[in-house]
Amino acid sequence: FLHVVIMNTLKTIKNAIVCLVLLPRFLVAAVMFWLLDFLCIRKRVFFRMKEQEGDAIDPPLCISDSNRLFSLESLKAVWHGHKLDFLKAAHLGQVAPNTEVVQLEDQRRSRILDYAQDKRPLILNFGSYIADSLVVYIEEAHPSDGWMSTDAPYQIPKHRCLEDRLNAAQLMHLEVPGSLVVVDSMENSSNAAYGAYFDRLYILQEGKIVYQGGRGPEGYRISELRDWLNRYRDGLDRSNNQVIHV
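Small disclaimer: the values here were computed from a predicted structure and weren't measured. (Residues numbered from 1 in each chain as written. Predicted model: local features only at pLDDT ≥ 70, side-chain atom pairs only at ≥ 80, totals over all residues. Heavy atoms only, no water.)

Moving on, we come to the overall build of the protein chain. A tally of regular secondary structure across the protein chain gives six helices and seven strands. Going residue by residue from the N terminus, the α and β elements of the protein chain occur as α-α-α-β-β-β-β-α-β-α-β-β-α. Each principal axis of the C-alpha distribution contributes one length, and for the protein chain these read about 70 × 60 × 35 Å. The buried share among the 246 residues of the protein chain stands at 38%. In the protein chain, the proportion of contacts linking residues at least 24 apart, taken out of those at least 6 apart, comes to 62%. Counting every atom, the protein chain has about 14900 Å² of accessible surface; 58% of that belongs to carbon and sulfur. The protein chain carries 28 positive and 30 negative side-chain charges, and their two centres are separated by 7 Å. (Helix = DSSP H or I, 4+ residues; strand = E, 2+ residues; numbered from the N terminus. Buried < 20%, exposed > 50% of the residue type's maximum accessible area, 1.4 Å probe, protein only. Contact = heavy atoms within 4.5 Å. Areas by Shrake-Rupley, 256 points an atom, 1.4 Å probe, with all protein chains shown as cover. Lys, Arg positive; Asp, Glu negative; His and termini not counted. Charge placed at Lys NZ, Arg CZ, Asp CG, Glu CD.)

Below, the structure is given as structure tokens:
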């Protein structure tokens, strides 16, 4: 009994520390959302962001006028994302969490690192898609019965069971029929380990994290991923072209 009390006390202390650390950035996000609900401010902010956009390969951050940002559901989603990012097990240069996922085709359970081949980099794309990567479909960022977005191509409710998540992932697979799509478990183990909510990019190599993208949508930078792959390819070319003098 004493052991249970100690563990619960430590858990409470940990949660309190997390809240204290995350509260300032959460309040800043909440104020920003409140301000962006004023259309005059929203249009001005997104106009400036569009002017400062770098590489055209990165998906633009677009929010229609009908979408309300400051709401109970949006604040819950933002807090959830901050908390997952803070508590994630995945960190650059460290061993990649080998979490469980479910294959879309036969619903067979597997592990993230099962898809890595020898020393080749493995791109993990959480919540969205690009070519030649393992797409890991996680919990919906904008469910139709939560923080709903009118910009979403499909209106998908919160996943209540694995079948719901698999059915929703089929819609994503229709958009990218050539990509390998798996889904996170209902325990959200991959989402939690990689801090993937709303969406995020990673590159794994030889069981380690060699690239860690920022939290989406604003930190979702395909251009950074492309630059890393270009540097990796250049390094391979240099190693293959070395001449040994005897």
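Alright, that's what it looks like, and here's the rest.
Moving on, we come to a nonpolar patch on the surface. Together, Phe1, Leu2, Val5, Ile6, Met7, Leu10, Ile13, Ile17, Val21, Phe86 and Leu87 line one region of the surface with nonpolar side chains, adding up to about 1100 Å² of accessible area. At the level of elements, α1 (2–36) and α3 (72–87) are the ones that each hand at least two residues to the nonpolar patch. With respect to the helices and strands, isoleucine 6 occurs in helix α1. Owing to a relative accessible area of 44%, isoleucine 6 belongs among the partly exposed residues under this scheme. (Patch = residues over 30% accessible without salt bridge, like charges linked within 9 Å, V, L, I, M, F, W, Y side chains within 5 Å. Salt bridge = Lys/Arg side-chain N within 4 Å of Asp/Glu carboxyl O.)

On to the packing of α1 against α3. Two quantities define a packed helix pair, namely the angle between the axes and the distance from one axis to the other. Across the interface, α1 lies against α3 with an axial gap of 9 Å and an inter-helix angle of 135°. Between α1 and α3, the angle falls in the class oblique. Crossing hand, α1 versus α3: right-handed. Of α3, the residues touching α1 (which contributes Lys14, Val18, Cys19, Val21, Leu22, Leu23, Arg25, Phe26, Ala29, Ala30 and Phe33) are Ser74, Leu75, Val78, Trp79, His82, Lys83, Asp85, Phe86 and Leu87. Considered class by class, the residues forming the contact of α1 with α3 number 14 nonpolar, two polar and four charged. (Axes fitted to C-alpha atoms, helices over the stretch in contact; angles between N-to-C directions. Parallel < 35°, antiparallel > 145°, perpendicular 65-115°, else oblique. Left-handed = near helix turned anticlockwise from the far one by under 90°. Nonpolar A, V, L, I, M, F, W, Y, C, P; charged D, E, K, R; others polar.)

As a further point, take helix α4 (residues 162–175). Between the first and last C-alpha of α4 there are 21 Å, a value that for 14 residues agrees with the 20 Å anticipated at 1.5 Å per step. Taken together, the buried positions of α4 are Arg165, Leu166, Ala168, Ala169, Met172 and His173. Here the buried residues of α4 occupy an arc of 165° about the axis, which is enough to place them on one side. When the buried face of α4 is taken as reference, the exposed residues oriented beyond 90 degrees from it are Glu163 and Leu174. Turning to α4, the residues buried within the fold contact β1 (100–103), β4 (134–137) and β5 (180–184). (Expected span 1.5 Å × (residues − 1). Arc of directions from axis to C-beta.)

Glancing now at the pairing of β5. Of all five residues making up β5, four are buried, and the element is well covered by its neighbours. Sheet topology note: the β1/β5 ladder contains three bridges and is antiparallel. Each residue of the ladder has a partner; that of glutamine 103, found in β5, is valine 182. With four bridges joining them, β4 and β5 adopt parallel strand pairing. By the bridge assignment for β5, tyrosine 137 is matched with valine 183. (Pairing = 2+ DSSP bridges.)

Right, let's get into the nonpolar core. In this structure, Leu124, Tyr194 and Leu204 are the most contacted members of the largest nonpolar core, which totals 18 residues. Looking at this core, the elements that each hand over two or more residues are β3 (122–126), β4, α5 (189–194) and β6 (200–205). If one sorts the elements of this core by residue count, β3 sits on top with three residues. What leucine 124 contacts, discounting residues up to four positions off in sequence, is Ile112, Leu134, Tyr194, Arg200, Leu201, Tyr202 and Leu204. (Core = buried A, V, L, I, M, F, W, Y, C linked by side-chain atoms within 4.5 Å.)

We now examine the pattern of salt bridges. Under the defined criterion, the tally for this structure stands at nine salt bridges. Notably, a salt bridge pairs aspartate 85 with arginine 200, separated by 2.8 Å at the nearest N-O pair. Here aspartate 85 is found in helix α3, whereas its partner arginine 200 is found in strand β6, with 115 residues between them in sequence. You'll find aspartate 85 and arginine 200 in the same group, each marked buried. By sharing partners, the salt bridges in this structure join Asp37, Arg42 and Arg68 into a single network.

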